[in-house]
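Observations on the three-dimensional arrangement
Listed here are the chains, written in short residue letters.
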Amino acid sequence: MLGLGIGMGIGIGKARLMLQHIRIDSREREELVDVTAQVRQAIRASGIRDGVVHLWALHTTCALTVNEGADPEVAGDIVRTLRRLVPQKGDYRHTEEGNADSHIKTTLVGPGLTLLVDEGEPVLGTWQKVFLAEWDGPRKREIAVRVVVA
Amino acid sequence: MLGLGIGMGIGIGKARLMLQHIRIDSREREELVDVTAQVRQAIRASGIRDGVVHLWALHTTCALTVNEGADPEVAGDIVRTLRRLVPQKGDYRHTEEGNADSHIKTTLVGPGLTLLVDEGEPVLGTWQKVFLAEWDGPRKREIAVRVVVA
Amino acid sequence: MLGLGIGMGIGIGKARLMLQHIRIDSREREELVDVTAQVRQAIRASGIRDGVVHLWALHTTCALTVNEGADPEVAGDIVRTLRRLVPQKGDYRHTEEGNADSHIKTTLVGPGLTLLVDEGEPVLGTWQKVFLAEWDGPRKREIAVRVVVA
């Protein structure tokens, strides 16, 4: 890290400190939106080759997860099963917005993810893709990103 | 980081390495306890302006989550729905303490959280608050905290 | 960090950047496999005393969790309850491999974990052990590990 700081100068230093944001528009009430390409782009923009990337969804009714991206029915099965376990209509007390279920799904899946970064790329298994898990769309969503050097 | 290390000297260096602890007393068997203020305080104490804060609940029957803090019924709906999905009384084999459900809820919600830190503050959406999710209280609970510079 | 970099030279620097891997063979379709010893070993190999260790399961049908390790029935209750909530046979559309449930359990529990590291050891509560949560075994599994200095 010392070498990087000295050799590459203030440009990289500033990129490293900069908080980035991934913005997406979801299209369904509940869906998994693949954001892997945007995560790769954010790592590249940071200039960091070895470290970790921290992702944080800035909302209380969507989450982040990693799962299979090859067969879209995997994402579909995740959405349908969460809907079965925590249905939209239920015995809830947060009733004004009709999205109590979305808040609960967000806590079950979690709003943050930390991926390892190696040689400028996220460390992912063959089938792994990064998804925003939308539970109360369609909406504009924002994921804050910070890449930290190892 | 180089500038910080040299310019601010050993005082900041020590604060940065120091592991901190947030201590709380829960009051119910199951509840979400807002610890956002204590997390802000821990970031301030670290002296770190840009980085991430790692939180870890040192227990096997409570977890950490982030969700809406404005309407307390959101937290209530989360607790009641988890109770419906994983009731206290069930066909469990870890029976001596009567808290098998608390262990399961802890794995579903997760004992750790990493928040981004920007300009000395946690990066949170408008409605996001940090909660300890108590599943086997009332108890004394401890969250270990480490702030890492970007 | 400055002192470490200068004092210990390039050897530690290289160890720190090196991505490590924990390899395990699971024995059941669904089980929790204790990997705490391997995590301790990876921290030691990094040479890092104060920081965090990031763990990432490189698969879409197993996850990582921390829970009680003293009574093995806790892990058993977690497995059996997840099986009740998300049974292997169900109304799924990802049907070719018969493991739609394994993907869903992976998203519920999560493929990544970040543990705090203090004085060369993971910061864990008295009863906490680190587990790979296998949902589609028996299989060879791999966890990528990166230790980041504070």
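Just so we're clear, the structure is a prediction, and the values are computed from it rather than from any experiment.

A few points about the interface of chain A and chain B
Taken together, the 31 residues of chain A in the interface contact 36 residues of chain B. Summing the contributions of chain A and of chain B, the shared interface buries around 2800 Å²; its carbon and sulfur component is 66%. Where Asp118(B) meets Arg146(A), a salt bridge forms, and the shortest distance between an N and an O atom there is 3.0 Å. Elements that contribute at least two residues to the side of chain A that touches chain B include exactly helix H1 (2-17), strand E3 (51-57), helix H4 (100-109) and strand E8 (140-149) of chain A. Of the residues contributing to the side of chain A that touches chain B, the split by class is 19 nonpolar, eight polar and four charged.

Some words on the confidence of the model for chain A
Residues and elements named next belong to chain A. On average, residues of chain A score 91 in pLDDT, and 89% of them are at 70 or above. Counting contacts from residues 1-10, a segment whose pLDDT is below 50, to residues more than four positions away or on other chains yields 15 contacts. For this predicted complex, the interface confidence reaches an ipTM of 0.91, while the overall pTM sits at 0.92.

Description of the relation of the copies chain A and chain B
Expressed as a screw operation, the relation of chain A to chain B combines 0.0 Å of axial shift with a rotation of 120°, fitting to an RMSD of 0.0 Å. In the structure described here, the two chain copies are related by an operation that fits a three-fold rotation axis. The C-alpha atom lying nearest the rotation axis in chain A is that of Leu108(A); the distance is 3.5 Å.

A few points about the pairing of strand E7 (residues 128-134) of chain B
All names here are of chain B. Burial of E7 is extensive: six of the seven residues sit out of reach of the surface. Judged from the four bridges that link them, strand E2 (residues 31-34) and E7 form a sheet pairing that is antiparallel. Looking across to E7, one finds that Leu 32 is bridged to Ala 133. In terms of strand pairing, strand E4 (residues 62-68) meets E7 through seven bridges, oriented antiparallel. Paired with Asn 67 across the bridge in E7 is Lys 129.

Some words on helix H3 (residues 72-85) of chain A
For H3(A), spanning 14 residues, the distance from its first C-alpha to its last is 20 Å, which sits close to the expected 20 Å at 1.5 Å a residue. Measuring from the side-chain oxygen of the N-cap residue of H3(A) to the backbone nitrogen of Glu73(A) gives 2.9 Å; that N-cap residue is Asp71(A).

Structural notes on the environment of Trp56(A)
Checked against the element boundaries, Trp56(A) lands in strand E3. Taking relative accessible area as the criterion, Trp56(A) reaches 1% and is therefore assigned buried. When the C-alpha atoms of Trp56(A) and Val149(A) are compared, they prove to be 17 Å apart, with 93 residues separating the residues in sequence. Reaching out from Trp56(A), the side chain makes a polar contact with the side chain of Gln128(B) at a distance of 3.0 Å.

Looking at the sheet that holds strand E8 (residues 140-149) of chain B
Residues and elements named next belong to chain B. On the basis of which strands lie adjacent, the open sheet formed by five strands has the order E1-E8-E3-E5-E6 and antiparallel pairing. Only two strands of the sheet have a single partner each, and these edge strands are strand E1 (20-25) and strand E6 (121-122). As paired strands, strand E3 (residues 51-57) and E8 are joined by seven bridges and run antiparallel to one another. For Leu 55, the partnering residue across the bridge sits in E8 and is Val 145.

Remarks on the side chain of Thr106(A)
For Thr106(A), the location among the structural elements is in helix H4. In this view, Thr106(A) contacts Thr60(A), Thr61(A), Cys62(A), Ala63(A), Pro111(A), Trp135(A) and Asn67(B); residues no more than four positions away in its chain are not counted.

Observations concerning the interface of chain A and chain C
In this assembly, 36 residues from chain A lie in contact with 31 residues from chain C. Both faces combined, the contact of chain A with chain C buries some 2700 Å², and carbon together with sulfur accounts for 66% of it. Looking at the side of chain A facing chain C, the largest losses of area belong to Asp77(A), Leu116(A) and Ala150(A), adding up to 20% of the total buried there. Linking chain A with chain C are two salt bridges, by the criterion used here. Where chain A touches chain C, the interface holds 14 residue pairs in polar contact (both at pLDDT 80 or more). Of all elements in the fold, only E3, strand E4 (62-68), H3, H4, strand E5 (112-118) and E8 of chain A reach the threshold of two or more residues within the side of chain A that touches chain C. Here the element with the most residues in the side of chain A that touches chain C is H3(A); it accounts for nine residues. Here the side of chain A that touches chain C is built from residues that sort into 20 nonpolar, eight polar and eight charged.

What counts as what
- Numbers given to residues run from 1 along each chain, matching the order in which its sequence is written.
- Working convention: letters from A go to chains and numbers from 1 go to ligands, in the order in which they are written.
- Under the rules for a predicted model, residues below a pLDDT of 70 receive no local features and side-chain atom pairs below 80 are neither given nor counted, while totals for whole chains, interfaces and linings still include all residues.
- To get the side-chain values, all heavy atoms of the structure are used, and hydrogens and water are removed first.
- Any two residues having at least one pair of non-hydrogen atoms within 4.5 Å are treated as being in contact.
- Here's the idea: put two parts together, see how much 1.4 Å probe accessible area each one loses, and the total over both is what we call buried area.
- A pair is scored as a salt bridge if a Lys or Arg side-chain nitrogen falls within 4 Å of a carboxyl oxygen belonging to Asp or Glu.
- Only DSSP runs of H or I with at least four residues qualify as helices, and only runs of E with at least two residues qualify as strands; both kinds are numbered from the N terminus onward.
- Gly is put with the polar residues, along with every residue not named as nonpolar or charged; the nonpolar set is Ala, Val, Leu, Ile, Met, Phe, Trp, Tyr, Cys and Pro, and the charged set is Asp, Glu, Lys and Arg.
- The quantity called pLDDT is the predictor's confidence in a given residue, expressed from 0 to 100.
- We superpose the copies by least squares over the C-alpha atoms of residues that have a pLDDT of at least 70 in both of them.
- Remark: exposure states derive from per-residue accessible area (1.4 Å probe, protein chains only) relative to the maximum for the residue type, with buried under 20%, exposed over 50%, and partly exposed in between.
- Two strands make a pair as long as DSSP finds a minimum of two bridges between them.
- Between the first and last residue of a helix there are one fewer steps than residues, each counted as 1.5 Å, and that sum is the expected span.
- Residues adjacent in sequence count toward polar contacts only when both atoms are side-chain atoms; beyond that, a polar contact is any pair of N or O atoms within 3.5 Å, and within protein one must be able to donate a hydrogen and the other to accept it.

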